[in-house]
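Architecture at a glance
Single-letter residue listing:
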Amino acid sequence: MLSFFLQFALVLGAILIGIRRGGVALGMLGGLGVTVLTFGFGNPPSEPPVTVMLIILAVVTASATLQVAGGLDWLVQRTERLLRAHPQRVTILAPLCTFFLTVCVGTGHAVYSLLPVIADVALKTKIRPERPMAISSVASQMGITASPVAAAVTTFLAMAAKTSQPVGLLDIIKVTLPAGVIGVLAAALWSMRRGLDLDRDPEFQARLKDPAFRAVLEQDVTTLGKQLPKTAALSVALFFSGILLVVLLALFPQFLPHYGTATLPMTTVVQIVMLSFGAFIMFAGNIKAADIARSSVFTAGMIAVVSIFGIAWMSDCFVNGNKTFLIAQIKAMVEYAPWTFALAMFAVSAFVKSQAATLTIMIPFGIALGLPTHLLLGVMASSYAYFFFAFYPSDLAAINMDRSGTTHIGKYLLNHSFMVPGLIGVGVSTTVGYFLSLAYF
């Protein structure tokens with residue numbers, strides 16, 4: 001038992017220090033953890049999550065190429081037109097837009113261009129910006145588990161493929177997509193009445209007396225005047241064609257190549273299709289490869305790959321080395337109330353700023369406990385909890401881009417603008433997903 005707690009402290013310490021260091025530190029400290037677990041405690045090292053990393057590499061490369069081609073800006077401009085056409089409904093429409101933007105492109109980083117527009121629409125409609133801003137940031141991350149090309153979904157797909165109860169890509173999306181939409185709508189409806197209206201908010205009215213503050217509020221923020229490459233729309237069409245092809249091949253596996261008794265696995269299909277369509281976008285837009293590597297989407301994706309490489313390897317090594325002890329201690333509780341696994345996943349995600357990394361840590365643990373794959377799929381939405389401490393870039397961006405100052409982190413750290421929308425959104429999504437998985441499987 002002493003050995004278990006020493007190993008647990010090592011794993012937890014590596015994660016916490018990696019988070020504080022940021023960037024690729026989480027991956028490197030995970031590798032250090034594998035070294036200590038292997039040489040110090042005699043745990044056999046498991047195989048690193050190569051398939052997961054390759055899928056993320058392929059999807060991120062295609063998404064980064066789309067960004068450089070102007071495709072992300074093209075999507076943001078269309079979204080802005082929708083919001084400005086229906087400004088009174090911004091608290092409902094904005095989070096739905098950020099959710100589906102993430103679903104379409106597989107990354108929540110697309111939200112940064114849209115946040116200042118959401119704040120501007122709310123201000124000009126005299127709606128408290130905190131209402132749409134906080135839930136829009138949360139919704140942009142909730143869309144990750146509902147995107148067929150997101151790292152979290154492809155991670156789950158790759159891990160489930162190794163179990164006795166594999167699930168397909170469509171099996172995942174038919175649970176996570178409706179669950180995510182219902183969760184976002186529930187949180188958005190709550191947000192419609194949160195806080196005081198701006199004309200009744202004494203703090204906001206006091207700040208209005210400052211001419212500099214008023215001047216900032218009067219500035220126009222828009223993406224509509226931005227000139228995009230002529231091939232921006234084409235890049236979007238090509239990217240979505242790649243996603244559509246992946247979905248069609250998942251629907252009709254008879255069209256996949258067969259090699260004797262084996263069929264080309266969907267994990268490989270996602271890799272080759274997204275790399276191919278990334279190449280099509282590159283040629284169509286005459287894009288320089290160096291610009292793709294310098295894009296913000298590519299940088300964030302590579303950090304995710306390194307993080308998952310180390311942290312998943314270390315976590316798997318820990319779970320495999322202590323499987324007997326873990327099962328003996330908590331299997332009865334999880335068998336009696338399987339939904340409690342969602343609470344454990346939520347707690348891990350509050351510290352690990354990646355849903356893919358959270359799933360990579362927790363899914364092998366769930367499998368070791370004997371939980372069925374469909375139950376793990378049902379609680380997949382609980383892998384998003386990094387809104388809890390409001391340190392994720394999209395939350396910080398929402399705070400900085402709200403010129404009214406209503407989107408904020410409170411005096412006591414946890415009383416921030418994202419807490420209640422996040423708890424409602426993730427709680428409702430997890431509950432709906434859990435029951436959908438029971439109904440489907």
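Thresholds, definitions, all that
- Along each chain, numbering runs from 1 in the same order as the chain's sequence is written.
- It should be noted that, the model being predicted, local features are given only for residues of pLDDT at least 70 and side-chain atom pairs only at 80 or more, the latter also being counted only at that level, while totals for whole chains, interfaces and linings use all residues.
- In computing side-chain values, all of the structure's heavy atoms are included and hydrogens and water are not.
- The way it works is that DSSP assigns letters per residue, a run of H or I at least four long becomes a helix, a run of E at least two long becomes a strand, and they are numbered from the N terminus.
- With C-alpha atoms as the basis for the radius of gyration, the globule rule is written as 2.2 Å multiplied by the number of residues raised to the power 0.38.
- In this analysis, two residues are considered to be in contact whenever any of their non-hydrogen atoms come within 4.5 Å of each other.
- To measure how exposed things are, a 1.4 Å probe is used in the Shrake-Rupley method; for residues, cover is taken only from the protein chains shown.
- For our purposes a nonpolar core is just a set of buried Ala, Val, Leu, Ile, Met, Phe, Trp, Tyr and Cys residues, chained together by side-chain atoms within 4.5 Å.
- Working definition: with a 1.4 Å probe on protein chains only, accessible area under 20% of the residue-type maximum means buried, over 50% means exposed, and in between means partly exposed.
- Helix axes use the C-alpha atoms of the stretch in contact, all axes being lines fitted to C-alpha atoms, and the angles between their N-to-C directions lie in the range 0 to 180 degrees.
- Each angle gets one of four labels, with under 35 degrees taken as roughly parallel, over 145 as roughly antiparallel, 65 to 115 as roughly perpendicular, and the rest as oblique.
- Helix crossings are classified by the rotation of the near helix relative to the far one: an anticlockwise turn of less than a right angle makes the crossing left-handed, while a clockwise turn makes it right-handed.
- When residues are sorted by character, Ala, Val, Leu, Ile, Met, Phe, Trp, Tyr, Cys and Pro go into the nonpolar class, Asp, Glu, Lys and Arg into the charged class, and all the rest, Gly among them, into the polar class.
- Stacked, tilted and edge-to-face are the three classes applied to pairs of Phe, Tyr and Trp rings, where Trp contributes its six-membered ring and a pair requires centres within 6.5 Å; stacked means planes under 30 degrees apart, edge-to-face means over 60, and tilted covers the rest.
- Consider the ring centre and the ring normal. A charge sits over the ring if Lys NZ or Arg CZ is within 6 Å of that centre and within 35 degrees of that normal.
- Residues enter patches when their relative accessible area tops 30% and they take part in no salt bridge; the joining distance is 9 Å for like charges and 5 Å for the nonpolar side chains Val, Leu, Ile, Met, Phe, Trp and Tyr.
- Throughout this description, the term salt bridge denotes a Lys or Arg side-chain nitrogen within 4 Å of a carboxyl oxygen of Asp or Glu.

As recorded in an unreviewed UniProt entry, the protein goes by the name C4-dicarboxylate transporter, listed as coming from Rhodovastum atsumiense.

**Details of the overall build of the protein**
The secondary structure content of the protein amounts to 21 helices and two strands. Against the 2.2 N^0.38 benchmark of 22 Å for 441 residues, the protein shows a C-alpha radius of gyration of 22 Å, consistent with a compact globule. When its C-alpha atoms are laid out on the principal axes, the protein stretches across 65 × 50 × 40 Å. Restricting the contact set of the protein to residue pairs at least 6 apart, pairs at least 24 apart contribute 83%. Surface exposure of the protein reaches about 18900 Å², of which carbon and sulfur atoms provide 67%.

**A word on the nonpolar core**
Core analysis: the biggest nonpolar cluster contains 131 residues, and Phe 156, Met 274 and Phe 341 have the highest contact counts within it. In contact with Phe 341, other than residues within four places in its own chain, are Met 362, Phe 365, Gly 366, Leu 369, Leu 371, Leu 376 and Val 379. If you look at the next biggest cluster of nonpolar residues, it comprises five residues, including Leu 123, Phe 204, Phe 213 and Leu 217.

**Digging into helix H8 (residues 151-160)**
Among the 10 residues that make up H8, nine are buried, leaving the element largely enclosed by the rest of the structure. Turning to H8, its buried residues number three or more, namely Ala 152, Val 153, Thr 154, Thr 155, Phe 156, Leu 157, Ala 158, Met 159 and Ala 160. Summarising the contacts, the buried residues of H8 are in contact with helix H3 (50-68), helix H9 (169-191), helix H13 (266-285), helix H18 (355-368) and helix H19 (373-378).

**A look at the packing of helix H5 (residues 90-105) against H9**
Their axes nearest at 9 Å, the elements H5 and H9 cross at an angle of 155 degrees. When the interaxial angle is binned, H5 and H9 end up roughly antiparallel. You can see that H5 and H9 cross each other, and the crossing is right-handed. Contacts between H5 and H9 involve Thr 91, Ile 92, Pro 95, Leu 96, Phe 99, Phe 100 and Val 103 on the former and, on the latter, Leu 177, Gly 180, Val 181, Val 184, Leu 185, Ala 188, Leu 189 and Ser 191. In terms of residue class, the contact of H5 with H9 is built from 12 nonpolar, three polar and no charged.

**As for unusual backbone geometry**
If you check the backbone angles, Lys 126 has positive phi at about 60 degrees while not being a glycine. Of note, Lys 126 is situated in the loop between helix H6 (115-124) and helix H7 (130-142). On the basis of relative accessibility, which here comes to 68%, the residue Lys 126 falls in the exposed class. Backbone geometry at Asn 286 places phi at a positive 50 degrees, although glycine is not the residue there. Here Asn 286 lies in the loop between H13 and helix H14 (289-294).

**A short note on H6**
Given 3.6 residues per helical turn, the α-helix brings residues three or four places apart onto the same face. Within H6, nine of the 10 residues are buried, which leaves it mostly tucked inside the rest of the structure. Considered for burial, the residues of H6 that qualify are Leu 115, Pro 116, Val 117, Ile 118, Ala 119, Asp 120, Val 121, Ala 122 and Leu 123. Packing partners of the buried residues in H6 comprise helix H4 (71-85), H5, H7, helix H11 (211-217) and helix H20 (393-401). Trailing H6 by a residue or two, Lys 126 shows a phi angle of about 60 degrees, which is positive.

**Notes on the packing of H3 against helix H15 (residues 296-321)**
Packed helices, taken two at a time, are described by their axes: the angle between them and the distance between them. Close contact between H3 and H15 brings their axes to 8 Å; oriented N to C, the two are set at 170 degrees. The angle between the axes of H3 and H15 places the two elements in the roughly antiparallel class. Counted together, Val 52, Met 53, Ile 56, Leu 57, Val 60, Thr 61, Ser 63, Ala 64 and Gln 67 of H3 and Ser 296, Val 297, Phe 298, Gly 301, Met 302, Val 305, Ile 308 and Phe 309 of H15 form the full contact between these two elements. Grouping the amino acids of the contact of H3 with H15 by side-chain chemistry returns 12 nonpolar, five polar and no charged.

**Examining the environment of Pro 45**
On the secondary structure map, Pro 45 appears in the loop between helix H2 (25-41) and H3. Separated by 68 residues in the primary sequence, Pro 45 and Ser 113 place their C-alpha atoms 42 Å from one another. Among all residues touching Pro 45, those that are not within four sequence positions of it are Thr 38 and Cys 317.

**Thoughts on the packing of aromatic side chains**
In total, this model carries 16 aromatic pairs according to the counting rule given. Relative to Phe 387, the ring of Phe 346 lies with its centre 6.0 Å away and its plane at 65 degrees, an arrangement referred to as edge-to-face. In this pair, Phe 346 is assigned in helix H17 (residues 340-349) and Phe 387 in the loop between H19 and H20, connecting sequence segments 41 residues apart. Here Phe 387 falls in the buried class, since its relative accessible area comes to 0%. An aromatic cluster is present here, built from Phe 346, Tyr 384, Tyr 386, Phe 387 and Phe 388 joined pairwise through their rings. Over the face of the ring belonging to Tyr 440 we find Lys 174, whose NZ or CZ atom lies 4.7 Å from the ring centre.

**A short note on a nonpolar patch on the surface**
Where nonpolar side chains cluster on the molecular surface, the patch consists of Leu 244, Leu 248, Leu 251, Phe 252 and Phe 255 and spans about 500 Å² of accessible area. Looking at the secondary structure, you find Leu 248 in helix H12 (residues 232-251).

**Section: the pattern of salt bridges**
For the structure on display, the rule yields 12 salt bridges. A salt bridge links Asp 120 to Arg 403, with the shortest nitrogen-to-oxygen separation between them at 2.6 Å. In this pair, Asp 120 sits in helix H6 while Arg 403 sits in the loop between H20 and helix H21 (419-440), placing the two residues 283 residues apart along the sequence. Judged by its relative accessible area of 13%, Arg 403 is buried. Residues Asp 171 and Lys 174 are paired through a salt bridge, measuring 3.6 Å at the closest nitrogen-oxygen approach. Separated by three residues within a single helix, Asp 171 and Lys 174 lie in helix H9, roughly one turn from each other. You can call Lys 174 partly exposed: its relative accessible area is 34%.

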